[in-house]
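# Working through the structure, step by step
Residue strings, one per chain:
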Amino acid sequence: GCFYTSSFNIEINDDITYNLMTSSISCFNGNNGIIDISNIQGGIPPYFISLTTGSNEYTSSYNNNLLAGDYILTITDNSDCNVSENIILTQNNEILFTITQSYEQCYNNIEINALGGIPPYSYNIITPNIVYNSNSNFIGLYSDNIDRIFITASVMDSLGCSTTKTFEIYGRTYEYSGSYCEQT
């Protein structure tokens, strides 16, 4: 028989590489996460980007306003070769707080105990007027001779994340007798 000899080159493309920058969510239940894919190289251009989480798919190299969660990044080149990576965007813990009420003479004292977020915290409460305070103790809130009042308390962490709750506190009824108060 006849012999035929031929030579050919097999081109092997470089693996697909890229740079990845992520920024997690600063506040609990926030939506300021970022996934930024840049400098895609290797394979055969053009590239198709797919970033999925649940039923959502993003096809841009720069994705912002993202929620916390698990994302799957897949970059596919023109010859259907791909590379995938799991990405987790985290969020800070929810700011939770309680209040403790005590009395001193004619006044309510409120202490706020907070956790979560990123300390240090700043606090404010709203009774009929706004009171700002850098620590967690609010001293001398006059009960105004009523049995109960509603206060709105807010806690803000060092990143500007905040939470607000309304509490009902029970006052004591006082009468002024000279220079001091008497409970009636």
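Residues numbered from 1 in each chain as written. Predicted model: local features only at pLDDT ≥ 70, side-chain atom pairs only at ≥ 80, totals over all residues. Heavy atoms only, no water.

## Quick look at the layout of surface pockets
- Roughly 150 Å³ of internal volume is contained in the largest pocket.
- As for the largest pocket, its lining consists of 13 residues, of which Phe 28, Glu 94, Ile 95, Ser 162 and Thr 163 are closest to the centre. (1 Å grid on protein atoms, 1.4 Å probe; cavity = no way out; pocket = protein on both sides within 12 Å on 5 of 7 lines; lining within 4 Å. Points joined across faces, edges and corners; volume = space filled by probe spheres on them.)

## Observations concerning the nonpolar core
- The biggest cluster of nonpolar side chains holds 16 residues, and the ones touching the most others in it are Ile 99, Ile 110, Ile 112, Ile 151 and Val 155.
- Counting only elements with at least two residues in this core, the list comes to strand 8 (96-104), strand 9 (107-115), strand 10 (122-126), strand 13 (148-156) and strand 14 (162-170).
- A total of 4 residues in this core trace back to one element, the largest contributor, which is strand 13.
- Sequence-distant contacts of Ile 112, defined by excluding residues within four places in its chain, comprise Phe 97, Thr 98, Ile 99, Tyr 123, Ile 125, Ser 136, Phe 138, Ala 153 and Val 155.
- If you look at the next biggest cluster of nonpolar residues, it comprises 13 residues, including Ile 16, Ile 25, Ile 87 and Leu 89. (Core = buried A, V, L, I, M, F, W, Y, C linked by side-chain atoms within 4.5 Å. Buried < 20%, exposed > 50% of the residue type's maximum accessible area, 1.4 Å probe, protein only. Helix = DSSP H or I, 4+ residues; strand = E, 2+ residues; numbered from the N terminus. Contact = heavy atoms within 4.5 Å.)

## Observations concerning the confidence of the model for the protein chain
- Across the protein chain, pLDDT averages 84, with 79% of residues at or above 70.
- A low-confidence stretch, residues 173-178 (pLDDT under 50), is modelled with 24 contacts involving residues beyond four sequence positions or located in other chains. (pLDDT = per-residue confidence, 0-100.)

## Structural notes on the sheet that holds strand 4 (residues 56-58)
- With antiparallel pairing, 4 strands are arranged side by side in an open sheet as 4-3-6-7. With one partner strand each, in any of the chains shown, strand 4 and strand 7 (82-89) form the two edges of the open sheet. Ignoring which end each strand starts from, the neighbouring axes of this sheet average 20° apart.
- Inspection of the sheet shows strand 6 (residues 69-76) paired to strand 7 by 8 bridges, in the antiparallel sense. Across the sheet, the residue bridging to Ile 75 is Val 83, located in strand 7. (Pairing = 2+ DSSP bridges. Axes fitted to C-alpha atoms, helices over the stretch in contact; angles between N-to-C directions.)

## Quick word on the sheet that holds strand 5 (residues 62-66)
- Across the sheet, 3 strands lie side by side as 1-2-5; this open sheet has antiparallel pairing. With one partner strand each, in any of the chains shown, strand 1 (17-23) and strand 5 form the two edges of the open sheet. Within the sheet, the average angular offset between the axes of one strand and its neighbour, ignoring direction, is 10°.
- Relative to strand 5, strand 2 (residues 33-41) is paired through 3 bridges, and the arrangement is antiparallel. Note on strand 5: the bridge partner recorded for Ile 35 is Asn 63.

## Considering the state of the cysteines
- Using the criterion set out here, one finds 1 disulfide in the structure.
- For Cys 27, the disulfide goes to Cys 161, at an S-S distance of 1.8 Å. When the S-S torsion is -85°, as for the bridge of Cys 27 with Cys 161, the disulfide is left-handed. Remark: Cys 161 occurs in the loop between strand 13 and strand 14 and Cys 27 occurs in the loop between strand 1 and strand 2; sequence separation between them is 134 residues.
- Judged by relative accessible area, Cys 161 falls into the buried class, the value being 5%. (Disulfide = S-S within 2.5 Å.)

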